[in-house]
Structures are given as C-alpha cells and as structure tokens.
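Geometric and topological summary
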Amino acid sequence: MKANDGMKAWLICGSAGLVLALAAPVVAQDKAAPVVLASHRIVYDLSLDQGAPSRDISSARGRIVIDFSGDACDGYALSFRQVTELGSEIGPRVIDARTTSFEDGTAKTYRFKTESSTAGAPAETVDGTAKKAAEGYEVTLRAPEAETHRETVPTMFPSEQMKALIAAARAGKTTLNARLYDGANTGKDVYETLSVIGRPVTGEPAEPALRRPELKDVKRWPVTMSYFKVGSEESTPAYTVSFDLYENGIGGSVKLDYGSFALRGTVTNLDLRPASDCAK
C-alpha cells in the first residue's frame, strides 16, 4: 500500500485518522449527549520515528494540512493535503496527496476525490461516491475508470467511525471493531479496523499548539487503531495509527506505523472555528 493512504484514512477523520467540531469556549461533552465533531484547520509536521525499525527509509520529513468543517445537520466537508519526502539509498522521493470529501450528516452518502503523485509523476486520481443501501453499500467511481462496485456487508464512513470511537471511549470501552470505507487506494478497498482505547490522559499535551484554554476541559484518550485490508491473507495490519483522541475529534501526538517504517506527526498549528447551531 502507499504511505499516504494510511495517513489519509486516519485523518479523515479523518484520522485521519486522524478530526473534529469545536465551540469557543469548549466544554466537556456530556456522556449521553450526541458526539459533536469540531470544525477546525490543523497542521502536522512529519518526521521519521527514530524509535521504530526502518527498512530502506533513512529520513523523512513533511507536512499534513487538514481543513474540516460541518455538523450533523449539513454534513461534514474535509480538505486534506499531505506532502512527504522519504530518503533512502536511491535518493529522496516526494509523495504529494490531496483529498476532498463530503459525508452527509446521516452517514448515508460519502463523496470523495483523491489526487496523488510520487516523484513528480502525473497524478493518479480516484473520484467517486459511496451510498449505503438496505444491505451494504454501492460505490460509483468516475475515476480512474467509470464503474460501479457493490458490497453487501455494512460498513462505516470516516466521520461516522470517528463518532463511534468517541462514544466508545466515553462509555469506558477499551476496544472498538468497525468496518471502514473511505475511498482509499483504488476506491474499492475496505478495512476492518480494531481500535484499542486507553485510560483518559491527564496533564498538558506535548504540543504547545494544543495547550490552549478552549481544550483544557476536553477529555482525551490514547488510541491505537489497526487497519486490516478486507480480502488480504495477511494476519498483520496494513498499518497502525496511534494518537491522542480528543472528545471533539481533534487528534494529537500521532504515530503512523507502516511496518517497514514509522512517522511521527506533531501538531504545529490549530485554528478553531465557532460551533454551529445544529442540535443533532
């Protein structure tokens, strides 16, 4: 799989993996209240995780910029860009990925478009719409080729999965299993995800950008989310994402482990937007 696919899946949240809706000021959400994802723009600076084994990759640097907005009434819009430079014996390689998506507030429809390129090659485009049916869901792709793909097994879309994860953390659960469709790779792939949820984190966050009054009373939990590609014979996850999950969907202190190497993402900037009037 491509390195950018794992990051996109977390941050669409997107992770993305690892995202999302906030009032100003922010107060802790009631356990019984609906999960509210925060509208915001967040920047992560990327570096190679020196504490993890790294085959073939000698250095890494890059940046992720996410712009997330919306609510349960009007739906959720995401704009995502990741640029990563990976160094190896054969020289540097730059991966550039852009994604835009929209998930309606009831999680019945998910539109997405991803453009990705490596080492300056022409961009590869995946463009489509997924709609849930009585059984499973149907994906209509416009690119790379026009075609329709159907699955009979129920699945979650990204914002829907993020809400379910936060609800599980609120309820004191330690794991969450969810099948996820986010348009990754060719637009046909789907993942079984296993999220392990730790005890609530106390104390100040590591990133100065997250040390702000609006987030002081917002709960957060350490989460490790493993992605298993459906149909693969591999028993190990395609990739694993670890991060601090805030109750409003914001993610901090991220680690993205692709097996052969891992990246660390540090929050360097966070812009919060006022909450909407949506009562859902």
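To be clear, the structure that these remarks concern was listed above.
Now for a description of the structure that goes with this document.

Procedures and definitions
Residues numbered from 1 in each chain as written. Predicted model: local features only at pLDDT ≥ 70, side-chain atom pairs only at ≥ 80, totals over all residues. Heavy atoms only, no water. Core = buried A, V, L, I, M, F, W, Y, C linked by side-chain atoms within 4.5 Å. Buried < 20%, exposed > 50% of the residue type's maximum accessible area, 1.4 Å probe, protein only. Helix = DSSP H or I, 4+ residues; strand = E, 2+ residues; numbered from the N terminus. Phe/Tyr/Trp six-rings, centres within 6.5 Å; stacked < 30°, edge-to-face > 60°. Lys NZ or Arg CZ within 6 Å of the ring centre and 35° of its normal. Polar contact = N/O pair within 3.5 Å; in protein donor to acceptor, adjacent residues only side chain to side chain. Expected span 1.5 Å × (residues − 1).

Here we take up the nonpolar core. Ranked by internal contacts, the top residues of the largest apolar core, which has 50 residues, are Ile66, Leu165 and Phe243. At six residues, helix α2 (residues 158-170) tops the list of elements feeding residues into this core. Tyr110, Phe112, Ala130 and Leu141 belong to the second-largest nonpolar core, a separate cluster that totals 10 residues.

Moving on to the packing of aromatic side chains. Summed over all chains, the structure comprises 10 aromatic pairs. Here the aromatic rings of tyrosine 191 and tyrosine 239 are separated by 5.8 Å at their centres, their planes lie at 65 degrees, and the arrangement is edge-to-face. Highlighted residues: tyrosine 191 in strand β10 (residues 191-197) and tyrosine 239 in strand β12 (residues 239-246), separated in sequence by 48 residues. By relative accessible area, tyrosine 191 is classed as buried at 1%. Centroid distance tyrosine 239 to tyrosine 258: 6.3 Å. Interplanar angle 45 degrees. Geometry classified as tilted. Of this pair, tyrosine 239 sits in strand β12 while tyrosine 258 sits in the loop between β13 (251-257) and β14 (262-272); the two residues are 19 residues apart in sequence, bridging distant segments of the chain. One aromatic cluster is present, formed by Tyr110, Phe112, Tyr137, Phe157 and Tyr181 through successive ring pairs. The lysine or arginine in question, lysine 132, covers the ring of phenylalanine 157, its NZ or CZ lying 4.9 Å from the ring centre.

Right, let's talk about the side chain of glutamate 247 for a bit. Among the structural elements, glutamate 247 can be located in the loop between β12 and β13. Within the structure, glutamate 247 has its side chain in polar contact with the side chain of arginine 170 (distance 2.9 Å).

Before going further, it helps to examine α2. Counted at 1.5 Å a residue, the expected span for α2 with its 13 residues is 18 Å, and the 19 Å between its end C-alpha atoms agrees. Across the 13 residues of α2, 11 count as buried, placing the element largely inside the fold. Listing the buried residues of α2 in full gives Pro158, Ser159, Gln161, Met162, Lys163, Ala164, Leu165, Ile166, Ala168, Ala169 and Arg170. At the exit of α2 stands glycine 172, carrying a positive phi of roughly 85 degrees.

Function cannot be inferred from these measures alone, as they are strictly geometric.
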